[in-house]
Amino acid sequence: MTLTPDLRDSILQSVPHLRAFAMSLAGNADQADDLVQEALVRGLGHIEQFQPGTNMQAWLFTILRNQFHTAYRKRRREVEDPEGGYAARLSVPPEQVGHLDVEDLKTALTKIPIEQREALLLVTAQGFSYEEAAEICRTKIGTIKSRVHRARTELAKLLSVAAPEDIEADSVFKAIASG
């Protein structure tokens, strides 16, 4: 079906009534205008479905009403977040970066002397105290402290980390736990 002058006039005569109805539904002029525009676009896009001799205004009202309820159902499932604060709190760092960091740490751990690596892993990854690590390694506490310090310093160089103390237990543990 083509858009005849009579159909066009009927559509144009319906616009103020559609807008008033949309305002009563949406309660907001911008949303009402969007609803009317969408109803007109959909109506014109499906003009072949309009049955001549029936009420054009009622047909457009039905389209507008359906569009409103569809948008309403959609909005109910959405969280309004105009400034992005909620979305920012939900963001998660990409896993691949963490995975690559763990791989780099695992590689760097293999490049430090075994005694240093053992002391570092006991204290940071396993959570033993310096005293407990010294008992396990059958050495003095000072030796363990020195080995841990040297291991952190060497890892910091290998990983381009500014401060050796930034090499924390959770990153070492992740590297060990991932195999």
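Once a new chain begins, its residue numbering starts again from 1 and follows that chain's sequence as written. Owing to the predicted nature of the model, reporting of local features is limited to residues with pLDDT of at least 70; listing and counting of side-chain atom pairs is limited to 80 or more, with chain, interface and lining totals taken over all residues. The side-chain figures draw on all heavy atoms in the structure; neither hydrogens nor water molecules are used.

**Student:** Would you mind showing me how to read the packing of helix α6 (residues 114-125) against helix α7 (residues 130-137) here?
**Tutor:** Each pair of packed helices gets described by two things: the angle between the helix axes and the distance between those axes. Between α6 and α7, whose axes approach to 9 Å, the crossing angle comes to 135°. Of the possible angle classes, the one that applies to α6 and α7 is oblique. When you trace α6 past α7, the crossing you get is right-handed. Facing E118, L122 and V123 of α6, the residues of α7 in contact are Y130, A133, I136 and C137. Side-chain classes follow a simple rule in which Ala, Val, Leu, Ile, Met, Phe, Trp, Tyr, Cys and Pro form the nonpolar group, Asp, Glu, Lys and Arg form the charged group, and the remainder, Gly included, forms the polar group. Partitioned by chemical class, the residues of the contact of α6 with α7 number 6 nonpolar, no polar and 1 charged. Geometry is summarised by axes, namely lines fitted to C-alpha atoms with helices restricted to the contacting stretch, and by angles between N-to-C directions that run from 0 to 180 degrees. A run of H or I in DSSP counts as a helix once it spans at least four residues, and a run of E counts as a strand once it spans at least two, with each numbered from the N terminus. Small angles under 35 degrees read as roughly parallel and large ones over 145 as roughly antiparallel, with 65 to 115 read as roughly perpendicular and the rest as oblique. Less than a right angle of anticlockwise turn of the near helix away from the far helix marks a crossing as left-handed, whereas a clockwise turn marks it as right-handed. Here, two residues are considered to be in contact whenever any of their heavy atoms come within 4.5 Å of each other.

**Student:** What should I look at first to understand the packing of helix α1 (residues 5-26) against helix α3 (residues 56-77) in this one?
**Tutor:** Running from amino to carboxyl end, α1 crosses α3 at an angle of 35°, the nearest separation of the two axes being 9 Å. Every pair of crossing elements has a handedness; the one defined by α1 and α3 is right-handed. Residue-level inspection shows L7, S10, I11, S14, H17, L18, F21, A22, L25 and A26 of α1 in contact with α3, the latter providing M56, Q57, L60, F61, L64, R65 and F68. Split by residue class, the contact of α1 with α3 holds 12 nonpolar, 4 polar and 1 charged.

**Student:** I keep staring at unusual backbone geometry and nothing clicks. Help me out?
**Tutor:** Note: most residues except glycine have negative phi, and most peptide bonds are trans. A positive phi angle is found at R138, which is not glycine, with a value near 55°. Within the secondary structure, R138 is located in the loop between α7 and α8 (141-159). Each residue gets one of three labels from its accessible area relative to the maximum for its type: buried under 20%, exposed over 50%, partly exposed in between, using a 1.4 Å probe on protein chains only. Look at R138 and you get exposed, because its relative accessible area is 79%.

**Student:** Would you explain the pattern of salt bridges in this entry?
**Tutor:** Between side chains of opposite charge, a pair can form as their charged atoms come close. Salt bridges, as used here, are contacts in which a Lys or Arg side-chain nitrogen is within 4 Å of a carboxyl oxygen on Asp or Glu. This structure, assessed with the given rule, holds 3 salt bridges. One salt bridge connects R42 with E38, and the closest N-O pair in it is separated by 2.6 Å. Taken as a pair, R42 and E38 lie in helix α2 (residues 29-45) at a separation of 4 residues, close to a single helical turn. Residue R42 is classed as partly exposed on the basis of its relative accessible area of 40%. Taking the relative accessible area as the measure of exposure, E38 reaches 27% and is therefore partly exposed.

**Student:** Looking at this structure, I do not really get a positive patch on the surface. What am I missing?
**Tutor:** Patches were defined on residues exceeding 30% relative accessible area and lacking a salt bridge, with like-charge contacts within 9 Å and nonpolar side-chain contacts (Val, Leu, Ile, Met, Phe, Trp, Tyr) within 5 Å. What sets the accessible areas is the Shrake-Rupley method with a 1.4 Å probe; for residues, cover comes only from the shown protein chains. Residues counted as positive are Lys and Arg, residues counted as negative are Asp and Glu, and His and the chain ends are not counted. For charged residues, the charge sits on one atom: NZ in Lys, CZ in Arg, CG in Asp, CD in Glu. A cluster of basic side chains, namely R73, K74, R76 and R77, defines a positive patch on the protein surface. Along the chain, K74 falls in helix α3. Accessibility expressed as a relative area gives 48% for K74, which makes it partly exposed.

**Student:** What should I look at first to understand the nonpolar core in this one?
**Tutor:** In summary, soluble globular proteins display a tendency toward joint burial of nonpolar side chains. In these notes, a set of buried Ala, Val, Leu, Ile, Met, Phe, Trp, Tyr and Cys residues joined through side-chain atoms within 4.5 Å is what counts as a nonpolar core. Membership of the largest hydrophobic core comes to 18 residues, with the highest contact counts inside it found for I47, M56, W59, L60 and L64. Among the secondary structure elements, those contributing two or more residues to this core are α1, α2 and α3. Within the second largest apolar cluster, 17 residues are counted, among which are A119, A125, A134 and I144.

**Student:** Help me understand the side chain of Q67, please; the structure alone is not making it clear to me.
**Tutor:** Structurally, Q67 can be placed in helix α3. What qualifies as a polar contact is a pair of N or O atoms within 3.5 Å, subject to a donor-acceptor requirement within protein and to the restriction that residues adjacent in sequence count only when both atoms come from side chains. Within the structure, Q67 has its side chain in polar contact with the side chain of R42 (distance 3.1 Å). Each residue touching Q67, except ones within four places of it in the same chain, is listed here: L35, E38 and R42.

**Student:** Hey, could you run me through the packing of aromatic side chains in this one?
**Tutor:** Given two aromatic rings, one states the distance between the centres and the angle between the planes to describe the pair. Whether two aromatic rings pair depends on their centres lying within 6.5 Å, for rings of Phe, Tyr and Trp, where Trp uses its six-membered ring; planes under 30 degrees apart make the pair stacked, over 60 edge-to-face, and the rest tilted. Applying the stated criterion to the full structure yields 2 aromatic pairs. Where F21 meets F61, the ring centres are 4.9 Å apart and the plane angle is 25°; that geometry is what we call stacked. With F21 in helix α1 and F61 in helix α3, the pair connects residues that are 40 residues apart, well separated along the chain. Classification of F21 by relative accessible area gives partly exposed; the value is 23%. Placement of a positive charge over a ring is assigned whenever Lys NZ or Arg CZ falls within 6 Å of the ring centre and within 35 degrees of the normal to the ring plane. Above the ring of Y130, the side-chain terminus of K145 is found at 5.7 Å from the ring centroid.

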